[in-house]
Amino acid sequence: MRHVDFSPLYRSTVGFDRLFGMLDTLAQPEGGQSYPPYNIEKTGEDAYRISMAVAGFAEDEISIEAHRNVLTIKGERKEETESDGSELLYRGIASRAFERRFQLADHVDVVGAALRNGLLHIDLKRNIPEELKPRKIAIASVNGDTSRQIEAKTVN
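The structure reproduced in this document is the subject of the present report.

Criteria and cut-off values
Residue positions are given per chain, counted from 1 along the sequence in the order it is written. In keeping with the predicted nature of the model, local features appear solely for residues at pLDDT of at least 70, side-chain atom pairs appear and are counted solely at 80 or more, and the whole-chain, interface and lining totals rest on all residues. Hydrogens are left out, water is left out, and the side-chain values use all remaining heavy atoms of the structure. Two rings belonging to Phe, Tyr or Trp (six-membered ring only in the last case) form a pair when the distance between their centres is within 6.5 Å. Interplanar angles under 30 degrees mark stacking, angles over 60 mark edge-to-face geometry, and anything in between is tilted. Helix and strand assignments follow DSSP, with helices taken as H or I runs no shorter than four residues and strands as E runs no shorter than two, numbered in order from the N terminus. A 1.4 Å probe rolled over the protein chains alone gives each residue an accessible area, and that area as a share of the maximum for its type sets the label: buried under 20%, exposed over 50%, partly exposed in between. Ring-over charges, as used throughout, are those where CZ of Arg or NZ of Lys falls within 6 Å of the ring centre and within 35 degrees of the ring normal. Between any two strands, at least two bridges found by DSSP are needed for them to pair. All axes are obtained by fitting lines to C-alpha atoms, using only the stretch in contact for helices, and the reported angles, taken between N-to-C directions, cover 0 to 180 degrees.

So, on to the packing of aromatic side chains. In this structure the tally under the stated criterion is three aromatic pairs. On the basis of an interplanar angle of 85° and a centroid distance of 5.0 Å, the ring pair of Tyr38 and Phe102 is categorised as edge-to-face. Residue Tyr38 is located in strand 1 (residues 38–42), and its partner Phe102 is located in strand 5 (residues 98–103); the two are separated by 64 residues in the primary sequence. With a relative accessible area of 33%, Tyr38 lands in the partly exposed category. A centroid spacing of 5.3 Å and a plane angle of 85° characterise the contact between Phe57 and Phe98, whose relative ring orientation is edge-to-face. With Phe57 in the loop between strand 2 (47–53) and strand 3 (62–67) and Phe98 in strand 5, this pair connects stretches of sequence that are 41 residues apart. Taken individually, Phe57 and Phe98 each receive the classification buried, so the pair is uniform in this respect. Through successive ring pairs, a cluster of aromatic residues spans Tyr35, Phe57 and Phe98. Over the face of the ring belonging to Tyr35 we find Arg96, whose NZ or CZ atom lies 4.0 Å from the ring centre.

This is the structure:
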C-alpha cells in the first residue's frame, strides 16, 4: 500500500491545502466502486460530457450538485410495491443507491443534464475568464534613429 504523507510540506507552503487534499483523494482507491458505469468524452475544444448508465432511475430519483469543483451525482430508487400480485424471481437490473463524485478543474461549469434511454448525460464547459487568457503583446518598432536620449533638467 502506497501512502504519501504531505504534512511536512504544510510547514513550508501557503495556500496549497486544496491541492494536497486532491492528491490524498487520488491516492485512495475508490473501494472498487464500479456502479454505475460511466464515460467521459470531449465533445469540443472546451466542452466535455459525462454519460452515466442509470437504467431504471427516474429523473426525480437522481440529484446532481456542483460545489467547489466537485460534481456529485446521487441516485436513490423509491421502493416499488408489487401492486398486481406478481413476484420477482430474479433481479438483474440493479436498483441500489449510488453516489459518484467527479473532481472538476477550475473554471469548468455544468451546462446541463439530460436523461435519455437510461443514460444520464451531463454537459460541461470550460469558461476561462478573459483576464486569465494569454494575451499577445505587440512589439513596436522604431523607424529611423534607434538611439534615444533622455533629457533632464538640472536644478542648480
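Strands sit in the order 3-4-5 across an open sheet of three strands; the sheet is antiparallel. On the outer flanks of this sheet lie strand 3 and strand 5, each paired with one strand and no other. Recorded for the sheet is a direction-independent mean angle of 15° between the axes of neighbouring strands. Across six bridges, the pairing between strand 3 and strand 4 (residues 70–75) is antiparallel. Note on strand 4: the bridge partner recorded for Ile64 is Ile73.

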